[in-house]
Amino acid sequence: MPPRFIRELIPRREARTPPCAVVVALKSLTWVQWAQFWSGSVSYLHCAFWLAWTVDAIDYVAVTLTVPLLSKQFGKSTSAITTALTLTLLFRSVGAVIFGMISDRFGRKWPLVVNLMLCCVLELGTGFVDTFSQFLAFRALFGVAMGGIWGLSSSSALENLPIEIRGLASGILQEGYIVGYIFAAVINLTLVAQYGWRALFWTGAGITCFAAVIRSLIPESPFFLRVKEQEKAKGTNTSQNFLRQTKEMLKLHWLLCIYAVLLMTGLNFLSHGSQARAYCDLYPTYLQITKGFSAHNATVATIISNCGAVFGGAIGGWVSQYIGRRLTIVFGALFTAVFIPLWVLPSSFSALSAGAFCIQLGVQGAWGVIPIQLAEMSPPAFRATFPGVVYQLGNMISSASAQIEATGGDNLKTTILKDGVLTVVPDYATVQAIFISAVAAFVIVIAIIGPENHGSNFENADAADHSGNEAMDHGSQISCREVSEVNEKSSA
(Lines give C-alpha, C1' and ligand atoms only; values in the text may rest on other atoms or scores of the structure.)
Protein backbone atom coordinates (compact mmCIF):
# COMPACT_ATOMS: atom_id res chain seq x y z
CA MET A 1 0.00 0.00 0.00
CA PRO A 2 1.40 3.49 -0.90
CA PRO A 3 2.23 5.97 1.89
CA ARG A 4 -0.59 8.02 3.38
CA PHE A 5 0.51 11.27 1.73
CA ILE A 6 0.20 9.55 -1.66
CA ARG A 7 -3.21 8.01 -0.88
CA GLU A 8 -4.53 11.41 0.22
CA LEU A 9 -3.09 13.36 -2.70
CA ILE A 10 -6.61 13.54 -4.13
CA PRO A 11 -9.14 14.71 -1.50
CA ARG A 12 -11.81 12.35 -0.20
CA ARG A 13 -15.07 12.53 -2.12
CA GLU A 14 -16.94 14.18 0.74
CA ALA A 15 -14.26 16.88 1.03
CA ARG A 16 -14.42 17.93 -2.60
CA THR A 17 -16.57 20.75 -3.88
CA PRO A 18 -19.40 19.24 -5.95
CA PRO A 19 -19.47 20.00 -9.69
CA CYS A 20 -20.84 23.43 -10.57
CA ALA A 21 -20.79 24.39 -6.86
CA VAL A 22 -19.11 27.70 -7.69
CA VAL A 23 -21.94 28.62 -10.04
CA VAL A 24 -24.53 27.52 -7.49
CA ALA A 25 -22.83 29.58 -4.79
CA LEU A 26 -22.81 32.67 -6.97
CA LYS A 27 -26.43 32.17 -8.03
CA SER A 28 -27.48 31.90 -4.39
CA LEU A 29 -26.52 35.52 -3.80
CA THR A 30 -29.44 37.95 -3.89
CA TRP A 31 -29.49 41.28 -5.75
CA VAL A 32 -28.90 42.94 -2.40
CA GLN A 33 -25.81 40.83 -1.87
CA TRP A 34 -24.57 41.63 -5.37
CA ALA A 35 -24.99 45.31 -4.52
CA GLN A 36 -22.98 44.68 -1.36
CA PHE A 37 -20.24 43.33 -3.60
CA TRP A 38 -19.33 46.95 -4.27
CA SER A 39 -20.47 48.51 -1.01
CA GLY A 40 -18.86 46.76 1.90
CA SER A 41 -19.77 43.15 2.61
CA VAL A 42 -18.01 39.88 1.93
CA SER A 43 -17.09 40.28 -1.70
CA TYR A 44 -16.20 43.93 -1.44
CA LEU A 45 -13.96 43.09 1.47
CA HIS A 46 -12.22 40.63 -0.80
CA CYS A 47 -11.81 43.33 -3.46
CA ALA A 48 -10.35 45.72 -0.88
CA PHE A 49 -7.65 43.22 0.07
CA TRP A 50 -7.08 42.37 -3.58
CA LEU A 51 -6.41 46.10 -4.09
CA ALA A 52 -3.95 46.12 -1.18
CA TRP A 53 -2.07 43.18 -2.67
CA THR A 54 -2.11 44.83 -6.09
CA VAL A 55 -0.54 48.10 -4.93
CA ASP A 56 2.00 46.04 -3.00
CA ALA A 57 3.14 44.69 -6.36
CA ILE A 58 3.39 48.15 -7.91
CA ASP A 59 5.62 49.30 -5.06
CA TYR A 60 7.93 46.30 -5.26
CA VAL A 61 8.37 45.87 -9.00
CA ALA A 62 9.24 49.54 -9.42
CA VAL A 63 12.84 48.43 -8.87
CA THR A 64 12.77 45.42 -11.19
CA LEU A 65 11.37 47.49 -14.06
CA THR A 66 13.99 50.21 -13.74
CA VAL A 67 17.19 48.20 -13.16
CA PRO A 68 18.99 49.64 -16.23
CA LEU A 69 18.01 53.22 -15.30
CA LEU A 70 19.02 52.71 -11.66
CA SER A 71 22.36 51.25 -12.77
CA LYS A 72 23.01 54.38 -14.81
CA GLN A 73 21.80 56.72 -12.05
CA PHE A 74 24.03 55.28 -9.31
CA GLY A 75 26.86 53.96 -11.48
CA LYS A 76 26.39 50.39 -10.27
CA SER A 77 26.22 46.99 -11.98
CA THR A 78 23.03 44.99 -12.43
CA SER A 79 24.16 42.62 -9.69
CA ALA A 80 24.65 45.55 -7.29
CA ILE A 81 21.22 47.00 -8.05
CA THR A 82 19.58 43.64 -7.33
CA THR A 83 20.94 43.99 -3.79
CA ALA A 84 17.95 46.28 -3.22
CA LEU A 85 15.61 43.41 -4.16
CA THR A 86 17.47 41.10 -1.80
CA LEU A 87 17.25 43.54 1.11
CA THR A 88 13.53 44.07 0.55
CA LEU A 89 12.89 40.33 0.58
CA LEU A 90 15.10 39.77 3.63
CA PHE A 91 13.26 42.31 5.78
CA ARG A 92 9.76 41.27 4.72
CA SER A 93 9.72 38.46 7.29
CA VAL A 94 10.23 41.05 10.04
CA GLY A 95 7.14 42.93 8.91
CA ALA A 96 5.16 39.69 8.62
CA VAL A 97 5.85 38.87 12.28
CA ILE A 98 5.09 42.38 13.56
CA PHE A 99 1.93 43.10 11.62
CA GLY A 100 0.69 39.50 11.70
CA MET A 101 0.77 39.34 15.50
CA ILE A 102 -0.86 42.76 15.78
CA SER A 103 -3.59 41.70 13.36
CA ASP A 104 -4.33 38.40 15.12
CA ARG A 105 -4.63 40.27 18.42
CA PHE A 106 -6.36 43.52 17.52
CA GLY A 107 -8.01 43.18 14.11
CA ARG A 108 -7.48 43.09 10.36
CA LYS A 109 -8.52 46.62 9.45
CA TRP A 110 -6.28 49.23 11.04
CA PRO A 111 -3.02 47.22 10.98
CA LEU A 112 -3.41 46.99 7.19
CA VAL A 113 -4.21 50.70 6.90
CA VAL A 114 -1.03 51.57 8.85
CA ASN A 115 0.89 49.02 6.79
CA LEU A 116 -0.19 50.64 3.53
CA MET A 117 0.58 54.16 4.73
CA LEU A 118 4.11 53.11 5.73
CA CYS A 119 4.60 51.65 2.25
CA CYS A 120 3.35 54.93 0.78
CA VAL A 121 5.79 57.06 2.78
CA LEU A 122 8.79 54.84 2.02
CA GLU A 123 7.91 54.57 -1.67
CA LEU A 124 7.63 58.34 -1.86
CA GLY A 125 10.99 58.73 -0.10
CA THR A 126 12.66 56.33 -2.54
CA GLY A 127 11.88 58.75 -5.35
CA PHE A 128 13.91 61.48 -3.62
CA VAL A 129 17.15 59.58 -2.84
CA ASP A 130 20.44 60.87 -4.23
CA THR A 131 22.90 58.13 -3.27
CA PHE A 132 22.98 54.37 -3.61
CA SER A 133 23.28 53.93 0.17
CA GLN A 134 20.11 55.96 0.69
CA PHE A 135 18.37 53.88 -1.95
CA LEU A 136 19.31 50.61 -0.21
CA ALA A 137 18.20 51.95 3.18
CA PHE A 138 14.78 52.95 1.91
CA ARG A 139 14.26 49.60 0.17
CA ALA A 140 15.23 47.70 3.33
CA LEU A 141 12.73 49.68 5.41
CA PHE A 142 10.16 49.21 2.67
CA GLY A 143 10.64 45.45 3.05
CA VAL A 144 9.53 45.66 6.70
CA ALA A 145 6.40 47.60 5.76
CA MET A 146 5.67 45.37 2.79
CA GLY A 147 6.01 42.16 4.80
CA GLY A 148 2.70 42.42 6.61
CA ILE A 149 0.40 42.99 3.66
CA TRP A 150 0.10 39.47 2.26
CA GLY A 151 -0.82 37.76 5.54
CA LEU A 152 -3.38 40.40 6.50
CA SER A 153 -4.89 40.46 3.01
CA SER A 154 -5.21 36.71 2.51
CA SER A 155 -6.56 35.92 5.97
CA SER A 156 -9.30 38.54 5.89
CA ALA A 157 -10.32 37.89 2.29
CA LEU A 158 -10.64 34.11 2.62
CA GLU A 159 -12.12 33.85 6.11
CA ASN A 160 -15.07 35.94 4.91
CA LEU A 161 -15.98 33.88 1.86
CA PRO A 162 -18.13 30.74 1.38
CA ILE A 163 -16.10 27.56 1.26
CA GLU A 164 -17.41 26.69 -2.23
CA ILE A 165 -15.59 29.59 -3.88
CA ARG A 166 -12.46 29.86 -1.74
CA GLY A 167 -10.25 28.10 -4.27
CA LEU A 168 -11.24 30.47 -7.07
CA ALA A 169 -11.00 33.43 -4.70
CA SER A 170 -7.53 32.30 -3.64
CA GLY A 171 -6.32 32.37 -7.24
CA ILE A 172 -7.88 35.76 -7.93
CA LEU A 173 -6.43 37.22 -4.72
CA GLN A 174 -2.93 35.95 -5.47
CA GLU A 175 -3.03 37.31 -9.02
CA GLY A 176 -3.68 40.80 -7.68
CA TYR A 177 0.11 40.93 -7.61
CA ILE A 178 0.26 40.20 -11.31
CA VAL A 179 -2.26 42.94 -12.04
CA GLY A 180 -0.11 45.27 -9.96
CA TYR A 181 2.85 44.44 -12.17
CA ILE A 182 0.85 45.18 -15.30
CA PHE A 183 -0.12 48.57 -13.86
CA ALA A 184 3.52 49.27 -13.04
CA ALA A 185 4.62 48.18 -16.52
CA VAL A 186 2.13 50.55 -18.14
CA ILE A 187 3.43 53.38 -15.95
CA ASN A 188 6.95 52.38 -16.97
CA LEU A 189 6.04 52.59 -20.65
CA THR A 190 4.47 56.03 -20.30
CA LEU A 191 5.53 58.22 -17.37
CA VAL A 192 9.01 56.77 -16.88
CA ALA A 193 9.89 57.22 -20.54
CA GLN A 194 9.03 60.91 -20.23
CA TYR A 195 9.89 61.85 -16.63
CA GLY A 196 12.47 59.27 -15.49
CA TRP A 197 12.53 56.41 -12.99
CA ARG A 198 11.49 58.54 -9.98
CA ALA A 199 8.02 59.02 -11.50
CA LEU A 200 7.27 55.30 -11.08
CA PHE A 201 7.96 55.41 -7.34
CA TRP A 202 5.96 58.60 -6.80
CA THR A 203 2.99 57.25 -8.75
CA GLY A 204 3.14 54.01 -6.77
CA ALA A 205 3.07 55.99 -3.53
CA GLY A 206 -0.08 57.80 -4.62
CA ILE A 207 -1.87 54.58 -5.56
CA THR A 208 -0.87 52.99 -2.24
CA CYS A 209 -2.27 55.96 -0.33
CA PHE A 210 -5.53 55.54 -2.25
CA ALA A 211 -5.68 51.86 -1.22
CA ALA A 212 -5.15 52.81 2.43
CA VAL A 213 -8.05 55.27 2.28
CA ILE A 214 -10.31 52.64 0.67
CA ARG A 215 -9.42 50.08 3.35
CA SER A 216 -10.14 52.60 6.11
CA LEU A 217 -13.71 52.91 4.80
CA ILE A 218 -14.34 49.13 4.85
CA PRO A 219 -15.66 47.50 8.07
CA GLU A 220 -13.59 45.15 10.19
CA SER A 221 -13.51 41.46 9.23
CA PRO A 222 -16.92 40.03 10.28
CA PHE A 223 -15.46 36.72 11.40
CA PHE A 224 -12.79 38.42 13.47
CA LEU A 225 -15.52 40.38 15.23
CA ARG A 226 -17.46 37.18 15.81
CA VAL A 227 -14.42 35.53 17.40
CA LYS A 228 -13.98 38.49 19.72
CA GLU A 229 -17.64 38.26 20.72
CA GLN A 230 -17.14 34.58 21.53
CA GLU A 231 -14.10 35.42 23.64
CA LYS A 232 -16.06 38.05 25.52
CA ALA A 233 -18.92 35.63 26.16
CA LYS A 234 -16.49 33.01 27.50
CA GLY A 235 -14.60 35.55 29.59
CA THR A 236 -11.33 34.88 27.77
CA ASN A 237 -8.90 37.35 26.22
CA THR A 238 -6.39 35.90 23.79
CA SER A 239 -4.78 39.31 23.30
CA GLN A 240 -3.29 39.18 26.80
CA ASN A 241 -1.83 35.68 26.34
CA PHE A 242 -0.80 35.82 22.70
CA LEU A 243 2.95 35.37 23.26
CA ARG A 244 2.38 32.37 25.51
CA GLN A 245 0.01 30.89 22.95
CA THR A 246 2.55 31.45 20.20
CA LYS A 247 5.17 29.53 22.16
CA GLU A 248 2.79 26.61 22.75
CA MET A 249 1.70 26.61 19.11
CA LEU A 250 5.33 26.33 17.98
CA LYS A 251 5.88 23.38 20.35
CA LEU A 252 2.93 21.54 18.86
CA HIS A 253 3.28 22.54 15.21
CA TRP A 254 7.02 23.02 14.67
CA LEU A 255 7.11 20.34 11.96
CA LEU A 256 4.21 21.99 10.12
CA CYS A 257 6.02 25.32 10.29
CA ILE A 258 9.19 23.83 8.81
CA TYR A 259 7.25 22.17 6.00
CA ALA A 260 5.36 25.37 5.16
CA VAL A 261 8.62 27.33 4.99
CA LEU A 262 10.15 24.71 2.67
CA LEU A 263 7.09 24.81 0.42
CA MET A 264 7.16 28.60 0.23
CA THR A 265 10.92 28.58 -0.36
CA GLY A 266 10.51 26.37 -3.42
CA LEU A 267 7.60 28.37 -4.82
CA ASN A 268 9.35 31.68 -4.23
CA PHE A 269 12.46 30.44 -6.02
CA LEU A 270 10.18 29.32 -8.84
CA SER A 271 8.51 32.72 -9.04
CA HIS A 272 11.61 34.89 -8.67
CA GLY A 273 13.59 32.80 -11.11
CA SER A 274 10.89 32.76 -13.79
CA GLN A 275 9.51 36.32 -13.44
CA ALA A 276 6.23 35.06 -11.98
CA ARG A 277 4.10 36.79 -9.42
CA ALA A 278 5.06 40.06 -11.03
CA TYR A 279 8.46 40.17 -9.41
CA CYS A 280 10.09 39.81 -12.79
CA ASP A 281 13.49 39.90 -11.13
CA LEU A 282 15.93 39.62 -14.06
CA TYR A 283 13.46 38.68 -16.79
CA PRO A 284 13.30 42.11 -18.51
CA THR A 285 17.09 42.37 -18.16
CA TYR A 286 17.46 38.90 -19.70
CA LEU A 287 15.34 39.91 -22.69
CA GLN A 288 17.31 43.10 -23.25
CA ILE A 289 20.83 41.75 -22.75
CA THR A 290 20.70 38.11 -23.88
CA LYS A 291 18.00 38.42 -26.55
CA GLY A 292 18.75 41.98 -27.68
CA PHE A 293 15.22 43.33 -27.10
CA SER A 294 14.57 47.03 -26.67
CA ALA A 295 13.36 48.19 -23.27
CA HIS A 296 9.90 48.75 -24.76
CA ASN A 297 9.63 45.26 -26.28
CA ALA A 298 10.95 43.67 -23.08
CA THR A 299 8.22 45.38 -21.08
CA VAL A 300 5.52 44.35 -23.56
CA ALA A 301 6.73 40.73 -23.42
CA THR A 302 6.52 40.71 -19.63
CA ILE A 303 2.99 42.13 -19.81
CA ILE A 304 2.01 39.28 -22.15
CA SER A 305 3.58 36.72 -19.82
CA ASN A 306 1.73 38.13 -16.85
CA CYS A 307 -1.57 37.86 -18.69
CA GLY A 308 -0.84 34.14 -18.71
CA ALA A 309 -0.13 34.37 -15.00
CA VAL A 310 -3.54 35.92 -14.28
CA PHE A 311 -5.30 33.08 -16.11
CA GLY A 312 -3.08 30.48 -14.47
CA GLY A 313 -3.77 31.68 -10.93
CA ALA A 314 -7.54 31.77 -11.38
CA ILE A 315 -7.63 28.39 -13.13
CA GLY A 316 -5.34 26.78 -10.56
CA GLY A 317 -7.34 28.06 -7.62
CA TRP A 318 -10.62 26.90 -9.16
CA VAL A 319 -9.30 23.47 -10.15
CA SER A 320 -7.93 22.91 -6.64
CA GLN A 321 -11.50 22.81 -5.31
CA TYR A 322 -11.96 19.55 -7.24
CA ILE A 323 -8.56 17.80 -7.37
CA GLY A 324 -6.98 19.17 -4.21
CA ARG A 325 -4.37 21.81 -3.39
CA ARG A 326 -1.20 19.69 -3.56
CA LEU A 327 -2.06 17.97 -6.84
CA THR A 328 -2.75 21.37 -8.41
CA ILE A 329 0.71 22.55 -7.32
CA VAL A 330 2.29 19.42 -8.83
CA PHE A 331 0.50 19.89 -12.17
CA GLY A 332 1.50 23.58 -12.22
CA ALA A 333 5.18 22.76 -11.68
CA LEU A 334 5.10 20.02 -14.35
CA PHE A 335 3.44 22.37 -16.84
CA THR A 336 6.16 24.94 -16.14
CA ALA A 337 8.97 22.45 -16.74
CA VAL A 338 7.51 21.34 -20.08
CA PHE A 339 7.61 24.86 -21.53
CA ILE A 340 11.11 25.86 -20.40
CA PRO A 341 12.62 25.25 -23.89
CA LEU A 342 10.06 27.57 -25.54
CA TRP A 343 10.86 30.13 -22.84
CA VAL A 344 14.62 30.35 -23.49
CA LEU A 345 15.58 28.89 -26.90
CA PRO A 346 13.81 31.16 -29.46
CA SER A 347 15.04 34.61 -30.39
CA SER A 348 11.91 36.13 -31.90
CA PHE A 349 9.55 38.34 -29.94
CA SER A 350 6.45 36.23 -30.69
CA ALA A 351 7.99 32.88 -29.73
CA LEU A 352 9.57 34.16 -26.51
CA SER A 353 6.34 35.89 -25.53
CA ALA A 354 4.39 32.67 -26.11
CA GLY A 355 6.91 30.73 -24.03
CA ALA A 356 6.73 33.27 -21.22
CA PHE A 357 2.91 33.16 -21.32
CA CYS A 358 2.92 29.37 -20.90
CA ILE A 359 5.58 29.43 -18.19
CA GLN A 360 3.54 31.91 -16.15
CA LEU A 361 0.36 29.90 -16.74
CA GLY A 362 2.06 26.97 -15.00
CA VAL A 363 3.86 28.89 -12.26
CA GLN A 364 0.78 30.84 -11.26
CA GLY A 365 -1.37 27.74 -11.57
CA ALA A 366 0.67 26.46 -8.63
CA TRP A 367 0.75 29.84 -6.84
CA GLY A 368 -2.99 30.43 -7.08
CA VAL A 369 -3.51 27.65 -4.53
CA ILE A 370 -1.19 29.10 -1.90
CA PRO A 371 -3.45 31.58 -0.03
CA ILE A 372 -6.11 28.94 0.67
CA GLN A 373 -3.58 26.13 1.19
CA LEU A 374 -1.80 28.08 3.94
CA ALA A 375 -5.09 29.28 5.45
CA GLU A 376 -6.35 25.69 5.71
CA MET A 377 -3.05 24.49 7.18
CA SER A 378 -2.82 27.35 9.67
CA PRO A 379 -3.55 26.97 13.41
CA PRO A 380 -6.83 28.88 13.84
CA ALA A 381 -5.62 31.55 16.27
CA PHE A 382 -2.72 32.48 13.95
CA ARG A 383 -4.40 32.83 10.58
CA ALA A 384 -2.78 36.22 9.85
CA THR A 385 0.59 35.45 11.47
CA PHE A 386 1.25 31.88 10.27
CA PRO A 387 0.63 32.32 6.51
CA GLY A 388 2.34 35.70 6.41
CA VAL A 389 5.45 34.61 8.31
CA VAL A 390 6.05 31.32 6.46
CA TYR A 391 5.40 33.10 3.16
CA GLN A 392 7.95 35.78 3.95
CA LEU A 393 10.49 33.34 5.39
CA GLY A 394 10.32 31.52 2.09
CA ASN A 395 10.85 34.87 0.41
CA MET A 396 13.83 35.57 2.64
CA ILE A 397 15.52 32.25 1.86
CA SER A 398 14.94 32.78 -1.87
CA SER A 399 15.88 36.46 -1.74
CA ALA A 400 19.20 35.93 -3.48
CA SER A 401 17.63 34.35 -6.58
CA ALA A 402 18.11 37.46 -8.72
CA GLN A 403 21.73 37.74 -7.65
CA ILE A 404 22.29 34.02 -8.24
CA GLU A 405 21.07 34.40 -11.80
CA ALA A 406 23.00 37.64 -12.31
CA THR A 407 26.20 36.02 -11.05
CA GLY A 408 25.56 32.96 -13.20
CA GLY A 409 25.16 35.23 -16.22
CA ASP A 410 28.44 36.95 -15.41
CA ASN A 411 30.21 33.58 -15.54
CA LEU A 412 28.32 31.99 -18.43
CA LYS A 413 28.53 33.91 -21.71
CA THR A 414 27.02 33.72 -25.17
CA THR A 415 27.21 35.80 -28.32
CA ILE A 416 24.44 37.74 -30.05
CA LEU A 417 24.35 39.85 -33.21
CA LYS A 418 23.95 43.44 -32.02
CA ASP A 419 24.01 46.29 -34.56
CA GLY A 420 25.60 43.91 -37.06
CA VAL A 421 28.43 42.96 -34.68
CA LEU A 422 28.84 39.72 -32.71
CA THR A 423 28.77 40.73 -29.06
CA VAL A 424 29.55 38.66 -25.97
CA VAL A 425 26.74 38.94 -23.38
CA PRO A 426 25.69 37.05 -20.22
CA ASP A 427 23.80 33.84 -21.07
CA TYR A 428 20.81 34.41 -18.79
CA ALA A 429 18.72 32.00 -20.88
CA THR A 430 20.78 28.94 -19.95
CA VAL A 431 21.15 30.08 -16.34
CA GLN A 432 17.38 30.53 -15.90
CA ALA A 433 16.58 27.23 -17.64
CA ILE A 434 18.85 25.26 -15.29
CA PHE A 435 17.63 27.19 -12.26
CA ILE A 436 13.90 26.74 -12.95
CA SER A 437 14.24 23.06 -13.86
CA ALA A 438 15.88 22.27 -10.51
CA VAL A 439 13.38 24.34 -8.54
CA ALA A 440 10.36 22.81 -10.31
CA ALA A 441 11.59 19.32 -9.35
CA PHE A 442 11.96 20.43 -5.72
CA VAL A 443 8.45 21.92 -5.65
CA ILE A 444 6.91 18.71 -7.00
CA VAL A 445 8.58 16.59 -4.32
CA ILE A 446 7.80 18.93 -1.41
CA ALA A 447 4.17 19.31 -2.50
CA ILE A 448 3.60 15.55 -2.74
CA ILE A 449 4.99 14.70 0.72
CA GLY A 450 3.20 17.49 2.59
CA PRO A 451 -0.12 17.72 4.48
CA GLU A 452 -3.39 19.09 3.14
CA ASN A 453 -6.58 20.15 4.94
CA HIS A 454 -8.68 20.49 1.82
CA GLY A 455 -12.14 21.84 2.61
CA SER A 456 -11.16 22.82 6.13
CA ASN A 457 -14.02 24.45 7.99
CA PHE A 458 -11.62 26.90 9.62
CA GLU A 459 -14.12 29.67 10.15
CA ASN A 460 -15.88 27.50 12.76
CA ALA A 461 -12.69 26.79 14.69
CA ASP A 462 -12.29 28.23 18.16
CA ALA A 463 -9.62 30.89 17.77
CA ALA A 464 -9.16 30.90 21.52
CA ASP A 465 -7.69 27.41 21.29
CA HIS A 466 -4.08 28.49 21.67
CA SER A 467 -2.77 25.03 20.89
CA GLY A 468 -4.01 25.48 17.34
CA ASN A 469 -5.90 22.21 17.35
CA GLU A 470 -8.72 22.29 14.87
CA ALA A 471 -11.34 19.67 14.13
CA MET A 472 -11.41 18.98 10.41
CA ASP A 473 -15.13 18.57 9.82
CA HIS A 474 -15.30 18.19 6.07
CA GLY A 475 -18.93 17.26 6.17
CA SER A 476 -20.21 20.49 7.69
CA GLN A 477 -19.04 23.12 5.26
CA ILE A 478 -20.30 26.64 5.69
CA SER A 479 -22.83 27.69 3.10
CA CYS A 480 -23.18 30.92 1.19
CA ARG A 481 -26.34 31.75 3.14
CA GLU A 482 -24.57 31.23 6.49
CA VAL A 483 -21.73 33.52 5.44
CA SER A 484 -24.18 36.19 4.35
CA GLU A 485 -26.10 35.97 7.63
CA VAL A 486 -22.91 36.34 9.64
CA ASN A 487 -21.82 39.39 7.65
CA GLU A 488 -25.24 41.03 7.74
CA LYS A 489 -25.30 40.55 11.52
CA SER A 490 -21.78 42.03 11.85
CA SER A 491 -22.65 44.99 9.59
CA ALA A 492 -25.76 45.69 11.66
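The structure presented is a predicted model; accordingly, all values stated were derived computationally and were not measured.

(A) Fine view of helix α11 (residues 176-195). Taking 1.5 Å per residue, 20 residues should reach 28 Å; α11 reaches 27 Å between its end C-alpha atoms and fits that length. By the largest-angle criterion, Asn-188 marks the main kink of α11, which is about 40 degrees. Positive backbone phi, approximately 95 degrees, marks Gly-196, located one or two places after α11.

(B) Structural detail: helix α9 (residues 149-159). Of all eleven residues in α9, eleven are buried; the element is thus mostly enclosed. Looking only at α9, the buried set comprises Ile-149, Trp-150, Gly-151, Leu-152, Ser-153, Ser-154, Ser-155, Ser-156, Ala-157, Leu-158 and Glu-159.

(C) Structural detail: a nonpolar patch on the surface. On the surface, a cluster of nonpolar side chains totalling about 550 Å² of accessible area is made up of Leu-90, Phe-91, Val-94, Val-97, Ile-98, Ile-102 and Phe-106. As for its placement among the helices and strands, Phe-106 is situated in helix α6 (residues 78-106).

(D) Seen up close, the pattern of salt bridges. Under the definition given, this model contains four salt bridges. A salt bridge links Asp-104 to Arg-108; the shortest N-O distance between them is 2.9 Å. Accessibility expressed as a relative area gives 8% for Asp-104, which makes it buried. As a salt-bridge pair, Glu-376 and Arg-325 come within 2.8 Å of each other at their nearest N and O atoms. Of the two residues, Glu-376 is situated in helix α20 (residues 370-377) and Arg-325 in helix α17 (residues 325-338); the sequence distance between them amounts to 51 residues. Residue Glu-376 is classed as buried on the basis of its relative accessible area, which comes to 1%. The exposure class assigned to Arg-325 is buried, which follows from its relative accessible area of 1%.

(E) The arrangement of the nonpolar core in detail. Phe-135 and Ile-370 are the most contacted members of the largest nonpolar core, which totals 98 residues. Phe-135 has contacts with Val-63, Leu-70, Phe-74, Ala-84, Thr-126, Val-129 and Phe-201, leaving out every residue within four places of it along the chain. Of all hydrophobic cores here, the second largest spans six residues; its members include Leu-161, Ile-165, Ala-169 and Ile-372.

(F) Spatial organisation of the environment of Val-55. By the element assignment, Val-55 lies in helix α4 (residues 42-65). A residue is classified by how much of its surface remains accessible, and Val-55, at 2% relative accessible area, is buried. Between the C-alpha atom of Val-55 and that of Leu-116, which follows or precedes it by 61 residues, the distance is 8.8 Å.

(G) Broad picture of the packing of aromatic side chains. Under the definition given, this model contains twelve aromatic pairs. Each ring, one from Phe-74 and one from Phe-135, has its centre 5.4 Å from the other, and the planes form 35 degrees; the classification is tilted. Linking Phe-74 in helix α5 (residues 67-74) with Phe-135 in helix α8 (residues 132-147), this pair joins segments that are 61 residues apart in sequence. According to the relative accessible area criterion, Phe-74 is buried, its value standing at 12%. Measuring from centroid to centroid gives 6.4 Å for Phe-132 and Phe-135, while their planes differ by 25 degrees, and the two rings are stacked. Linking Phe-132 with Phe-135, this pair stays in helix α8, spanning three residues, or about one helical turn. Overall, the relative accessible area of 15% leaves Phe-132 in the buried class. Taking the ring centre of Phe-142 as reference, the NZ or CZ of Arg-139 above it sits at 4.4 Å.

How each quantity is defined
Residues numbered from 1 in each chain as written. Predicted model: local features only at pLDDT ≥ 70, side-chain atom pairs only at ≥ 80, totals over all residues. Heavy atoms only, no water. Helix = DSSP H or I, 4+ residues; strand = E, 2+ residues; numbered from the N terminus. Expected span 1.5 Å × (residues − 1). Bend = angle between axes of the 7 residues up to and from the residue. Buried < 20%, exposed > 50% of the residue type's maximum accessible area, 1.4 Å probe, protein only. Patch = residues over 30% accessible without salt bridge, like charges linked within 9 Å, V, L, I, M, F, W, Y side chains within 5 Å. Areas by Shrake-Rupley, 256 points an atom, 1.4 Å probe, with all protein chains shown as cover. Salt bridge = Lys/Arg side-chain N within 4 Å of Asp/Glu carboxyl O. Core = buried A, V, L, I, M, F, W, Y, C linked by side-chain atoms within 4.5 Å. Contact = heavy atoms within 4.5 Å. Phe/Tyr/Trp six-rings, centres within 6.5 Å; stacked < 30°, edge-to-face > 60°. Lys NZ or Arg CZ within 6 Å of the ring centre and 35° of its normal.

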